[in-house]
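This is what each chain is made of:
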Amino acid sequence: MAVPAISYVNLLQVNQQQLRNSALNVFNAMLLGTGSPSDWGSTFPFYQKNVSAFGLAYSEESSLYVLDTDKVQRLNIDSPGYIEYPYVRDLLRLKDYGFSLSVFRPFTVDWDLDINDVTNYVSFAVNVTRSEDRRPIPNAQVSCTILCSANNDNNQDEPIVVVTPPKTFFTNALGRFEGNEPMQIPPGYILKTAVAILKISVAGISTMVVAQSMLALQNVMKINTFGDTITLSIRDELQSNKSGVRKFLNIMTYDYDALTEIWEAKGKPPKVTRGFGYVSYGFTFPGLKAMDPALILFTVSVTLGGITGGRVPVIVGGPFSLWESSRLFSFGPDSEQISNVAIKLRRYVVFSGMTYIAELTLWKE
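Each value, and the rule that gives it
Residues numbered from 1 in each chain as written. Predicted model: local features only at pLDDT ≥ 70, side-chain atom pairs only at ≥ 80, totals over all residues. Heavy atoms only, no water. pLDDT = per-residue confidence, 0-100. Helix = DSSP H or I, 4+ residues; strand = E, 2+ residues; numbered from the N terminus. Contact = heavy atoms within 4.5 Å. Salt bridge = Lys/Arg side-chain N within 4 Å of Asp/Glu carboxyl O. Phe/Tyr/Trp six-rings, centres within 6.5 Å; stacked < 30°, edge-to-face > 60°. Buried < 20%, exposed > 50% of the residue type's maximum accessible area, 1.4 Å probe, protein only. Lys NZ or Arg CZ within 6 Å of the ring centre and 35° of its normal. Core = buried A, V, L, I, M, F, W, Y, C linked by side-chain atoms within 4.5 Å. Pairing = 2+ DSSP bridges. Axes fitted to C-alpha atoms, helices over the stretch in contact; angles between N-to-C directions.

Student: Any chance you could break down the confidence of the model for the protein for me, citing the residues and the numbers?
Tutor: Across the protein, pLDDT averages 86, with 88% of residues at or above 70. Predicted confidence in the protein is weakest over strand β15 (residues 278–284), with a mean pLDDT of 73, and strongest over helix α3 (residues 85–91), with 97. Note that pLDDT drops below 50 for residues 5–9; the model gives that stretch one contact with residues more than four away or on any other chain.

Student: Can you break down the pattern of salt bridges residue by residue, with the values?
Tutor: Taken as a whole and assessed by the stated rule, the structure comprises ten salt bridges. With its nearest N and O atoms 2.6 Å apart, the salt bridge here joins Asp 68 to Lys 289. You can see Asp 68 sitting in the loop between α1 (8–32) and α2 (69–73) and its partner Lys 289 sitting in helix α4 (residues 288–291), a full 221 residues away along the chain. For the salt bridge of Glu 181 with Lys 167, the shortest nitrogen-to-oxygen distance reads 2.9 Å.

Student: An account of the environment of Pro 45 is requested, with residue identities and associated values reported.
Tutor: For Pro 45, the location among the structural elements is in the loop between α1 and α2. Pro 45 sits 181 residues away from Phe 226 along the chain, and the two C-alpha atoms are 8.6 Å apart.

Student: Quick one: what's the story with the packing of aromatic side chains, residue by residue and with numbers?
Tutor: Under the counting rule described, the total for this entry stands at 17 aromatic pairs. Geometrically, the ring pair formed by Tyr 82 and Phe 331 is edge-to-face, given 6.4 Å between the ring centres and 70° between the ring planes. Placement of the pair is Tyr 82 in the loop between α2 and α3 and Phe 331 in strand β18 (residues 327–331), with a sequence separation of 249 residues. Using a relative accessible area of 2% as the deciding quantity, one classes Phe 331 as buried. Counting every residue linked through ring pairs, the aromatic cluster contains Phe 248, Trp 263, Phe 283, Phe 285 and Phe 298. If you follow Lys 364 out to its NZ or CZ, it ends over the ring of Tyr 97, 5.7 Å from the centre.

Student: So what about the side chain of Ser 301? Which residues, and what values?
Tutor: Turning to its location among the elements, Ser 301 is positioned in strand β16 (residues 295–303). The class for Ser 301 is buried, based on a relative accessible area of 3%.

Student: Can you break down unusual backbone geometry residue by residue, with the values?
Tutor: Comment: phi is negative for the bulk of residues other than glycine, and the bulk of peptide bonds are trans. Between Phe 44 and the following residue, Pro 45, the backbone shows a cis peptide bond with an omega angle of 0°. A cis amide bond links Gly 318 to the next residue, Pro 319, at an omega of 10°. Summarising the element assignment, Pro 319 is placed in the loop between β17 (311–318) and β18. With phi around 65°, Tyr 65 is a residue other than glycine that occupies positive phi space. With respect to the helices and strands, Tyr 65 occurs in the loop between α1 and α2. Even without being glycine, Arg 134 reaches a positive phi, approximately 60°.

Student: Break down the nonpolar core for me, citing the residues and quoting the values.
Tutor: One finds Met 30, Phe 54, Ile 83 and Phe 99 to be the most contacted residues of the largest nonpolar core, which totals 52 residues. Tallying contributions element by element places α1 first for this core, with six residues. Apart from the residues within four sequence positions on either side, Met 30 is in contact with Phe 54, Gly 55, Leu 56, Ala 57, Leu 92, Phe 99, Leu 101 and Leu 360. Counting residues in hydrophobic clusters, the runner-up holds 30 residues, among them Val 122, Phe 124, Val 128 and Met 183.

Student: Provide a residue-level description of the pairing of strand β19 (residues 342–351), including the pertinent values.
Tutor: The pairing of β19 with strand β20 (residues 354–364) spans ten bridges and is antiparallel. Residue pairing in the sheet places Ile 343 in a bridge with Leu 362 of β20. Between the end of β19 and the start of β20, which pair antiparallel, lie two residues, with Ser 352 showing a positive phi angle near 55°.

Student: Help me get a handle on the sheet that holds β20, residues and values and all.
Tutor: Read from one edge of the open sheet, four strands run β18-β1-β20-β19, paired in antiparallel fashion. Edge positions in the sheet fall to β18 and β19, since each of these pairs with one other strand and no more. Pairs of neighbouring strands in the sheet enclose a mean axial angle of 20°, with direction left out of account. Pairing of strand β1 (residues 97–104) with β20 involves eight bridges; the strand directions are antiparallel. Across the sheet, residue Leu 101 finds its bridge partner in β20, namely Leu 360.

Here's what the structure looks like:
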C-alpha cells in the first residue's frame, strides 16, 4: 500500500492551525474567565500566590468581553499589586508557549494642550486617525471637559480648581479639531496647569484621552485601585531637593461626561512626605468598585523644582496611561522581537465603560 506524501507546506499549515486554536483558547480564557477567586484583582495588599486561576472578566457583568478594571491594573508592572508574567503563564498552562497581551485604543488620538496665563485661555487640538493606516477620521465626536488649577502667589495655601462643563465638537475632513476655552478665575489668581478630558466617539464606539499641559506631572504619583480603595505610589522624580511634601486637596471621578467630587480636604489638608517608589497613602470609598469610574483625578499641591517656582496645585489622573495616543499597556515579552512563527488575535473589550482593542500574540517556544 502506498503511503501518501506529506509536504512541508501541509505540516506548516497544520502547525499554524494548532497554534491558532491554542491562541483562541488562551484568549477566551483571559477575556471570558473571571479567574479564581473571582475578585482576585481587588484585594489589597495583593499577593499573586492567592490567584489560582487567571481571567480578566468582570464577575458582576453578564455581557461578554467586559473586563474588570482592578484585574487589568494588576498587569501593570508599576502597580503596587502586580501579577508576574511567568506566574500567569503557569496558570494558563502554557509551558511550551510564550505570549504577550496588549491593549489599544480603537482609533489613534493625538492631542495638544496649552494654557495662556495672561489671557486665561486654554487651547487644545485633537487629531483622530485610523490605527491601521493613520487615515483621518472626519466627523468624530469630541466631548471636552477642561480642568485648570490656579493659585494666588500671595496665598499659596488656597489653590483652586476651575472646571468647564463638557462641550461637544466634531473633527473636520482632516480628522482635526482646534478650540480655545476661557477659564473664569478670581482676580489675583494665575493658571498653573490644565487637564482636558476628551471623550472621542466614532460610529458608536467611544474612547477617552486625558491631555495634560505638563505631561511630566503624571510622574508626581501613580494612581491604582483595589476594590473600594485607591492607593498612591509616590515618586520623587520631579520634586525639588528642598521639599517633597504633597498636600492632597480633592479627589474627583469622571464617568460619561460627568465629574463628581468624592472627597475634599477640610481645614488642614493631609500630606505625604518624600519617599521614592513608596506606596504611602490610601483612600477608601465604599461603593467605588460598583461605580467603576472611567477616571480618577487627584488635585495635589507640590513643589516642582526648576519646572515652576514655589508650590503649585497639579491635577493627576489615573489609573491607566490615558494620555497615550494608541497603546495603553503591554503585558509579557515584546512580541516584535520574537523570531518564531506567531499568531495574533484581536477583539473589542470594554472596561470602565470605554471600548478598547485587546491583542494577544502567541508563539511556540
